[in-house]
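# Architecture at a glance
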Amino acid sequence: MTEQEIKDIVTMTIDELLDRGLISKDSSVNYAFMGNKLKEYYKTGQKNENITDALEKIKGDPYFHILPEYYGLDHTLIHIAVDAGCDRKTIVNNKKRLVLELYRQCYPDYIV
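The structure reproduced in this document is the subject of the present report. The model shown is predicted, which means the values in this text are computed figures rather than measured ones. (Residues numbered from 1 in each chain as written. Predicted model: local features only at pLDDT ≥ 70, side-chain atom pairs only at ≥ 80, totals over all residues. Heavy atoms only, no water.)

### Topic: the overall build of the chain
How we decide: Labels follow the DSSP assignment, with helices taken as runs of H or I lasting at least four residues and strands as runs of E lasting at least two, numbered in each case from the N terminus. Atoms counted for the radius of gyration: C-alpha only. Globule rule: 2.2 Å times residue count to the power 0.38. Relative accessibility decides the category of a residue: with a 1.4 Å probe and only protein chains considered, values under 20% of the type maximum give buried, values over 50% give exposed, and everything between is partly exposed. It only takes one pair of heavy atoms within 4.5 Å for two residues to be counted as in contact.
Secondary structure summary: the chain contains 6 helices and 0 strands in total. Start at the N end of the chain and walk to the C end: the helices and strands fall as α-α-α-α-α-α. Here the C-alpha atoms of the chain give a radius of gyration of 17 Å, more than 25% beyond the 13 Å that 2.2 N^0.38 yields for 112 residues. Across its three principal axes, the chain shows a C-alpha extent of roughly 55 × 35 × 20 Å. By residue count, 25% of the 112 residues in the chain fall in the buried class. Put simply, of all contacts in the chain between residues at least 6 apart along the chain, 60% involve residues at least 24 apart.

This is the structure:
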């Protein structure tokens, strides 16, 4: 059995389990992974082309500023919220939304 055949079987199995409600998607692993990638991206100066392209696609989002402030400048969520004139929960929700969107764009083949 080839590696591609195994991947196809696993993908079909996961899709079937999701469709039947026997398992659910857990985005926490993807969120943590992409968060680490963003820290590395902003801190090291070594630009990852996939991340750069994905960031370019979402830079028009009104909450985009959260990512460089949080991952690059180490601003706290409360600091970002105060500067943005909103509450911490709004910042948390939009940070998570943006990070998961970046993950989907950078790693579409690994979404479970």
